[in-house]
Amino acid sequence: MDMTTSTLQQLGQLDLPKAESNFHSITIVGQIEGHLVLPPQNKTTKYEHIIPQLVAIEQNPNIKGLLIILNTVGGDVEAGLAIAEMIVSMTKPTVSLILGGGHSIGVPIAVASDYSFIAETATMTIHPIRLTGLVIGVPQTYEYLDKMQDRVINFVIKHSNIDERTFRELMFSTGNLARDIGTVLVGKDAVACGLIDEVGGIGQAVKKLEELINNR
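Here we summarise the structure given alongside this text. What you see is a predicted model; the values in this text were computed from it and never measured.

Quick look at helix H3 (residues 77-88) now. With twelve residues, H3 extends 16 Å from end C-alpha to end C-alpha; this agrees with the ideal 16 Å at 1.5 Å per step. Where H3 is concerned, the buried positions are Val 77, Ala 79, Gly 80, Leu 81, Ile 83, Ala 84 and Ile 87. Between the side-chain oxygen at the start of H3 and the backbone nitrogen of Glu 78 there is a gap of 3.1 Å, and the oxygen is on Asp 76.

What follows covers helix H2 (residues 47-59). With 13 residues, H2 should cover 18 Å at 1.5 Å per step; its first-to-last C-alpha distance of 18 Å lies within 8% of that length. Of the residues making up H2, those classed as buried are Ile 50, Gln 53, Leu 54 and Ile 57. Considered in projection along H2, the buried side chains sweep an arc of 105° and stay on one side of the axis. Contact partners of the buried residues in H2: strand E1 (23-33), strand E2 (44-46), strand E3 (65-75) and H3.

Turning next to the pairing of strand E5 (residues 115-118). Both faces of E5 are covered, namely the face carrying Tyr 115 and Phe 117 and the face carrying Ser 116 and Ile 118. Two elements, strand E4 (residues 94-102) and E5, share four bridges in a ladder whose sense is parallel. Within E5, the residue paired with Val 95 across the bridge is Tyr 115. For the segment spanning E4, helix H4 (residues 106-111) and E5, crossover handedness is right-handed. Where E5 meets strand E8 (residues 198-199), two bridges bridge the pair, whose relative direction is parallel. Bridging across to E8, Phe 117 finds its partner in Glu 198.

To continue, consider the pattern of salt bridges. A side chain with one charge may pair with a side chain of the opposite charge, provided their charged atoms come close. Taken as a whole and judged by the stated rule, the model has six salt bridges. Two residues, Asp 150 and Arg 168, come together in a salt bridge whose shortest N-O distance is 3.0 Å. Here Asp 150 is found in helix H5 (residues 139-158), whereas its partner Arg 168 is found in helix H6 (residues 164-171), with 18 residues between them in sequence. As a salt-bridge pair, Arg 165 and Glu 169 come within 2.8 Å of each other at their nearest N and O atoms. Taken as a pair, Arg 165 and Glu 169 lie in helix H6 at a separation of four residues, close to a single helical turn. On the basis of relative accessible area, Arg 165 is assigned to the exposed category, the value being 56%.

With that settled, consider the environment of Leu 177. Tracing the chain through its elements places Leu 177 in the loop between H6 and strand E7 (183-186). Residues Leu 177 and His 127, spaced 50 residues apart in sequence, show a C-alpha to C-alpha distance of 9.6 Å. Once residues within four sequence positions are removed from consideration, Leu 177 is found in contact with Thr 125, Gly 182, Thr 183 and Val 184.

Bringing the nonpolar core into the picture now. Judged by nonpolar contacts, the single largest core of 43 residues is most densely connected at Ile 28, Ile 109, Met 124, Leu 195 and Ile 196. Elements supplying a minimum of two residues to this core: E1, H2, E3, H3, H4, strand E6 (123-126), H5 and H6. Leu 195 has contacts with Val 107, Val 111, Ser 116, Met 124, Ile 126, Val 156, Ser 160, Ile 162, Phe 167, Leu 185 and Ala 190, leaving out every residue within four places of it along the chain. Among the nonpolar cores identified, the runner-up in size contains ten residues, and Phe 23, Val 95, Leu 97 and Ala 205 belong to it.

Turning our attention to the packing of H2 against H3. As a packed pair, H2 and H3 sit with axes 10 Å apart at the nearest point and diverge in direction by 10°. One way to sum up the angle between H2 and H3 is to call them roughly parallel. Along its contact with H2, which presents Tyr 47, Ile 50, Ile 51, Leu 54 and Val 55, the element H3 presents Ala 79, Ala 82, Ile 83, Met 86 and Ile 87.

The rules behind each value
- Residues numbered from 1 in each chain as written.
- Predicted model: local features only at pLDDT ≥ 70, side-chain atom pairs only at ≥ 80, totals over all residues.
- Heavy atoms only, no water.
- Helix = DSSP H or I, 4+ residues; strand = E, 2+ residues; numbered from the N terminus.
- Expected span 1.5 Å × (residues − 1).
- Buried < 20%, exposed > 50% of the residue type's maximum accessible area, 1.4 Å probe, protein only.
- Polar contact = N/O pair within 3.5 Å; in protein donor to acceptor, adjacent residues only side chain to side chain.
- Arc of directions from axis to C-beta.
- Contact = heavy atoms within 4.5 Å.
- Pairing = 2+ DSSP bridges.
- Right-handed = clockwise from strand over helix to strand, strands pointing away.
- Salt bridge = Lys/Arg side-chain N within 4 Å of Asp/Glu carboxyl O.
- Core = buried A, V, L, I, M, F, W, Y, C linked by side-chain atoms within 4.5 Å.
- Axes fitted to C-alpha atoms, helices over the stretch in contact; angles between N-to-C directions.
- Parallel < 35°, antiparallel > 145°, perpendicular 65-115°, else oblique.

Here is the structure:
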């Protein structure tokens with residue numbers, strides 16, 4: 001088994017690009033896995049795989065830009081925010097593209113790039129943070145959840161064109177989801193509210209990234 005095949009099997013990622021390409025692509029798919037290992041049947045993105053890749057891309061002088069492709073249901077909040085903070089702090093141009101879905105904690109990752117695209121039929125679910133497992137019924141639990149919520153909200157409004165009032169309305173809406181609080185945005189709706197920059201696909205995303213690289 002060669003190195004490329006081994007990397008693809010282990011990490012779900014291709015090896016770093018050769019000289020013919022000046023940018024690298026990473027994918028955020030399935031469920032974003034945090035500190036707990038998810039069952040083997042779950043399609044996951046492991047943050048301990050993504051973060052070293054982002055460090056390597058930042059340090060590699062041959063890589064001039066990064067394309068992030070998302071099709072994720074969300075997942076661990078802190079892991080998702082860690083990936084988003086890594087992307088937003090990179091010095092190289094970044095472009096994100098949502099295909100299928102960029103839900104929940106996938107939203108901060110999508111808006112962390114310099115420019116964001118969403119496919120016409122792709123969706124984004126905006127909803128409040130959920131707690132799973134043992135919950136202690138004390139005021140501190142609510143305060144912790146509230147602070148975590150504010151971290152997500154502040155990150156999204158800082159790195160997109162949506163205002164806080166609109167984002168909170170989408171997040172806490174009660175009439176759009178059958179069994180939950182929140183809102184589903186489809187393609188152009190995500191652009192109309194300022195969350196995503198443009199409706200488009202892989203061609204537009206690559207062209208925009210090349211434009212940002214040339215301008216840089």
